[in-house]
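The residues making up each chain are set out below.
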Amino acid sequence: AQTVTQSQPEMSVQEAETVTLSCTYDTSENNYYLFWYKQPPSRQMILVIRQEAYKQQNATENRFSVNFQKAAKSFSLKISDSQLGDTAMYFCAAKSNTGNQFYFGTGTSLTVIP
Amino acid sequence: DTGVSQDPRHKITKRGQNVTFRCDPISEHNRLYWYRQTLGQGPEFLTYFQNEAQLEKSRLLSDRFSAERPKGSFSTLEIQRTEQGDSAMYLCASSQTPGATGANVLTFGAGSRLTVL
């Protein structure tokens, strides 16, 4: 089994600023996938970004990028030029290449302040 | 395809009643997952199907919970003799089978919120 830990229950950022959300995980697998999902208030969860553990290059999707530190088992999400629409719960998740379950952290509630 | 659909979106029931939730996954997705999410928590795995076969169940899933996916398309999650502790958001998600491009990505539905009085 894998465990995912998000140690920041709540964060806030000024509009147009940059914010980093932290995530650590524990796994005995060598190959796995890491994800950040966004859940806006009363709306469904959507994928923000995905990282495959065997890829050393950090994934980026427009204003979203990750800092993947495999040895440290750390997977942080950086949101640049924060927008009001980024206000949401953000969940870090992990899945091994051989298993079927996705394991989620407890989430970080991000508020973008105008 | 409109994504993953869940019905009903909200259900209020009295303790002891049975409830059933339905999930329609993305049509080309073979895998279907059920998760439970309580306020302020991340989704907790309940069970998953590949086609019509239920391949894994969480220990969290008591015998009051049953899930089916009879034809490998839509799925139902039934909770019998509901308890107040069952109040939660029940999320359905689907993904493609291993080897496909989207095999390791979950697409979620909007969820079915259950309130047990």
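Below or above, wherever it landed, is the structure these notes cover.

Cut-offs and rules
- Residues numbered from 1 in each chain as written.
- Chains lettered and ligands numbered in written order.
- Predicted model: local features only at pLDDT ≥ 70, side-chain atom pairs only at ≥ 80, totals over all residues.
- Heavy atoms only, no water.
- Helix = DSSP H or I, 4+ residues; strand = E, 2+ residues; numbered from the N terminus.
- Rg over C-alpha atoms; globule rule 2.2 N^0.38 Å.
- Buried < 20%, exposed > 50% of the residue type's maximum accessible area, 1.4 Å probe, protein only.
- Contact = heavy atoms within 4.5 Å.
- Phe/Tyr/Trp six-rings, centres within 6.5 Å; stacked < 30°, edge-to-face > 60°.
- Buried area = accessible area lost by both parts, 1.4 Å probe.
- Salt bridge = Lys/Arg side-chain N within 4 Å of Asp/Glu carboxyl O.
- Polar contact = N/O pair within 3.5 Å; in protein donor to acceptor, adjacent residues only side chain to side chain.
- Pairing = 2+ DSSP bridges.
- Axes fitted to C-alpha atoms, helices over the stretch in contact; angles between N-to-C directions.

Now for the overall build of chain B. The secondary structure content of chain B amounts to 0 helices and 11 strands. Reading the helices (α) and strands (β) of chain B from amino to carboxyl end gives β-β-β-β-β-β-β-β-β-β-β. Radius of gyration (C-alpha) of chain B: 14 Å, near the 13 Å computed for a compact globule of 117 residues. C-alpha extents for chain B along the principal axes are approximately 45 × 25 × 25 Å. The buried share among the 117 residues of chain B stands at 47%. Counting only contacts in chain B whose residues sit at least 6 apart along the sequence, the fraction spanning at least 24 positions is 54%.

Let's shift gears to the packing of aromatic side chains. Here a ring pair, both rings aromatic, is described through the centre-centre distance and the interplanar angle of the planes. In the structure shown here, the tally under the stated rule is 16 aromatic pairs over all chains. With a centroid separation of 6.0 Å and 70° between ring planes, the pair formed by Phe-104 of chain A and Phe-108 of chain B is classed as edge-to-face. Taken together, the positions of Phe-104 of chain A in strand β11 (residues 103-104) and Phe-108 of chain B in strand β10 (residues 107-108) put the pair across two chains. Judged by relative accessible area, Phe-108 of chain B falls into the buried class, the value being 1%.

So, about the interface of chain B and chain A. It is common to report an interface's size as the accessible area lost on association of the parts. At the junction of the two partners, chain B supplies 20 residues and chain A supplies 18 residues. Where chain B abuts chain A, roughly 1700 Å² becomes buried across the two surfaces, and 50% of that area is made up of carbon and sulfur atoms. Linking chain B with chain A are 0 salt bridges. At the boundary of chain B with chain A, the tally comes to 8 residue pairs in polar contact (both at pLDDT 80 or more).

Time to look at the pattern of salt bridges. All names here are of chain B. If you walk through the whole model with that rule in mind, you get 6 salt bridges over all chains. Close ionic contact of Glu-83 with Arg-64 constitutes a salt bridge, the shortest N to O distance being 3.4 Å. One end of the pair, Glu-83, is in the loop between β8 (75-79) and β9 (88-95); the other, Arg-64, is in the loop between β6 (53-57) and β7 (65-68), and 19 residues separate them in sequence. A network of salt bridges, in which partner residues are shared, links Arg-64, Glu-83 and Asp-86.

Residue and element names in this part refer to chain B. Judged by pairing direction, the sheet is antiparallel, and its 4 strands sit side by side in the order β1-β3-β8-β7 without closing on themselves. Edge positions in the open sheet fall to β1 (5-7) and β7, since each of these has one partner strand only. Averaged over all pairs of adjacent strands, the angle between strand axes in this sheet comes to 15°, irrespective of strand direction. The pairing of β7 with β8 spans 4 bridges and is classified as antiparallel. When the sheet's bridge partners are listed, Ala-67 is paired in β8 with Leu-77.

Just distances and angles here, no functional claims.
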